[in-house]
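# Observations on chain architecture
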Amino acid sequence: MNNILIETTDRIQTITINRPSKLNALNKETILELSNAINAAESDSAVRVIVLTGSGEKAFVAGADIAEFADFTVEQGKELAAHGQEILFDKVENCSKPVIAAINGFALGGGLELAMAAHFRIASDNARMGLPEVSLGVIPGYGGTQRLPQLVGKGRAMEMIMTAGMIDANTAQSYGLVNHVTTQEELLPTCYKIAGKIMRNSPVAIGAAIDAVNAGFVDGIDGYQAEIDCFGASFGTSDFEEGTTAFLEKRKASF
Ligand code: COA
């Protein structure tokens, strides 16, 4: 891997996008490496939570790599978006293990879209977020026109997309785009602390909850029915047996 770093400690895997000289911009190779890393983490029983962050103090990810698509045709542009959504952004969103984005600086364009595909986001106080695509004559292509309105509401999303402007971490928190704002030093420790709380719970149930929540955002799928199905399926799992037995025996569940 040339563009990402992977480190697993205490069953938390930190995936760091590592092209600091290009502000961690997502070129094709980086997207493929991230896709492979998410696949590997999902099937690795030693990993329970994934934290995505950027290398250096300046950027999470400053967008898709503009140099790479500057001369693309209509067909190539369409393929770029479709392929990226399929192999990375949709995969992150539907990952059965929690994915937390630790936004440590600029999260622009594809960078903010990657953070939005994660299950939730924590930002350091120097972070700046935006979808500047219309300033380049394109629109967001990795799910930004869909996920930003889901997270911040249609009006705020329209303003951010149309102005191509950046918002700071506190504004992002007030919009509900990030859950917490920390100092730069505290960003990863805060993510790990939340990951620790998550890991006390049933990983199987968490995976099912991710499915049920996401189902409500898919056209043509009844989220309430998906919840009923996932709820019912829980009763057949050994985690359910352990969780309920532990409660009745007044001990902590061991998942
Ligand atoms: N694609 C490709 N290269 C990028 C990039 C991107 N999205 N974002 C930054 N870079 C590169 C710059 O070209 C520069 O490379 P160079 O040193 O070889 O010239 C390097 O990263 C550092 O960026 P620079 O612009 O010099 O830093 P800055 O502090 O002056 O500005 C930003 C920071 C984030 C405001 C600015 O880099 C920027 O606007 N980036 C593009 C953001 C964008 O439009 N993203 C959406 C893409 S669809």
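Residues numbered from 1 in each chain as written. Predicted model: local features only at pLDDT ≥ 70, side-chain atom pairs only at ≥ 80, totals over all residues. Heavy atoms only, no water.

### Notes on the site of the ligand
Going by this rule: One heavy atom within 4 Å of a molecule or strand makes the whole residue count as near it. Each polar contact in these results corresponds to two N or O atoms within 3.5 Å; when the atoms are within protein, one needs to be able to donate a hydrogen and the other to accept it, and residues that are neighboring in sequence are counted only if both atoms are side-chain atoms. For the accessible areas, the method is Shrake-Rupley and the probe is 1.4 Å, while residue cover comes only from the protein chains on display. Any residue outside Ala, Val, Leu, Ile, Met, Phe, Trp, Tyr, Cys, Pro, Asp, Glu, Lys and Arg is labelled polar, Gly included; the first ten of those are nonpolar and the last four are charged.
With respect to spatial proximity, 16 residues lie near the ligand, and among them Lys22, Lys58, Ala62, Ala64 and Ile66 are the closest. Contact between the ligand and Ser21: an oxygen atom at 3.4 Å from a main-chain N or O atom of the residue. At 2.5 Å from an oxygen atom of the ligand is found a side-chain nitrogen or oxygen belonging to Lys58. Look at the ligand: alone it shows 860 Å² of surface, and the protein chains cover 60% of it. Across the shell around the ligand, the residue classes tally to ten nonpolar, two polar and four charged.

### Some details on the nonpolar core
We count it as follows: We call a set of buried Ala, Val, Leu, Ile, Met, Phe, Trp, Tyr and Cys residues a nonpolar core when their side-chain atoms join them within 4.5 Å. Relative accessible area decides the class of each residue, using a 1.4 Å probe on protein chains only: under 20% of the type maximum gives buried, over 50% gives exposed, and in between gives partly exposed. The contact definition used throughout considers only heavy atoms, calling two residues in contact when any of these lie within 4.5 Å.
With 46 residues, the main nonpolar core has Leu34, Leu88, Ile103, Leu114, Met129, Leu148 and Leu177 as its most contacted residues. Contact partners of Leu177, with chain neighbours within four places excluded, come to Leu112, Met116, Arg121, Met129, Leu148, Leu151, Val152, Met160, Ile167 and Ala172. If you look at the next biggest cluster of nonpolar residues, it comprises 15 residues, including Ile12, Val51, Ile122 and Ile194.

### Some words on the pattern of salt bridges
The condition is simple: Just to be clear on terms, a salt bridge is a Lys or Arg side-chain nitrogen sitting within 4 Å of an Asp or Glu carboxyl oxygen. Each helix is a run of H or I in the DSSP string that is no shorter than four residues. Each strand is a run of E no shorter than two, and both are numbered from the N terminus.
Across all of its chains, the model carries five salt bridges by this definition. The residue Arg147 makes a salt bridge to Asp90 at a minimum N-O spacing of 3.1 Å. Of this pair, Arg147 sits in helix H5 (residues 144-152) while Asp90 is found in helix H3 (residues 74-93), placing the two residues 57 residues apart along the sequence. For Arg147, a relative accessible area of 6% corresponds to the buried category. We classify Asp90 as partly exposed; its relative accessible area is 31%. Put simply, Arg251 and Glu249 hold a salt bridge, and the shortest N to O gap is 2.8 Å. Here the salt bridges share partners, and the residues they tie into one network are Asp90, Glu93 and Arg147.

### Overview of the sheet that holds strand E6 (residues 106-108)
The following threshold applies: For two strands to be treated as a pair, DSSP must find no fewer than two bridges joining them. Axis definition: a line fitted to C-alpha atoms, limited for helices to the stretch in contact. Angles are taken between N-to-C directions and run from 0 to 180 degrees.
The strand order E4-E6-E8-E9 describes an open sheet built from four strands, whose pairing is mixed. Of all strands in the sheet, those bounded by a partner on one side alone are strand E4 (59-61) and strand E9 (167-168). Here E6 pairs with strand E8 (residues 128-130) via three bridges, running parallel. Paired with Phe106 across the two strands is Arg128, which belongs to E8. Seen against the sheet, helix H4 (residues 110-117) touches E4, E6 and E8 and runs at an angle of roughly 90° to E6.

### Some thoughts on the domain arrangement of the chain
Interfaces are often sized by the accessible area lost when the parts come together. Quick note on the threshold: For each domain, the first and last residues come from an automatic or database assignment. In short, buried area is how much 1.4 Å probe accessible area vanishes from two parts on joining, totalled over both.
The domain architecture assigned to the chain consists of domain 1 (4-199) and domain 2 (203-248). For domain 1 versus domain 2, the separation of C-alpha centres amounts to 26 Å. In this assembly, ten residues from domain 1 lie in contact with six residues from domain 2. In this assembly, domain 1 packs against domain 2 so that about 600 Å² is buried in total across both faces, 61% of it on carbon and sulfur atoms. Considering only the side of domain 1, the residues that lose the most area to domain 2 are Arg48, Ser96 and Gln150, jointly responsible for 49% of the buried surface there. At the surface where domain 1 touches domain 2, the tally comes to zero salt bridges.

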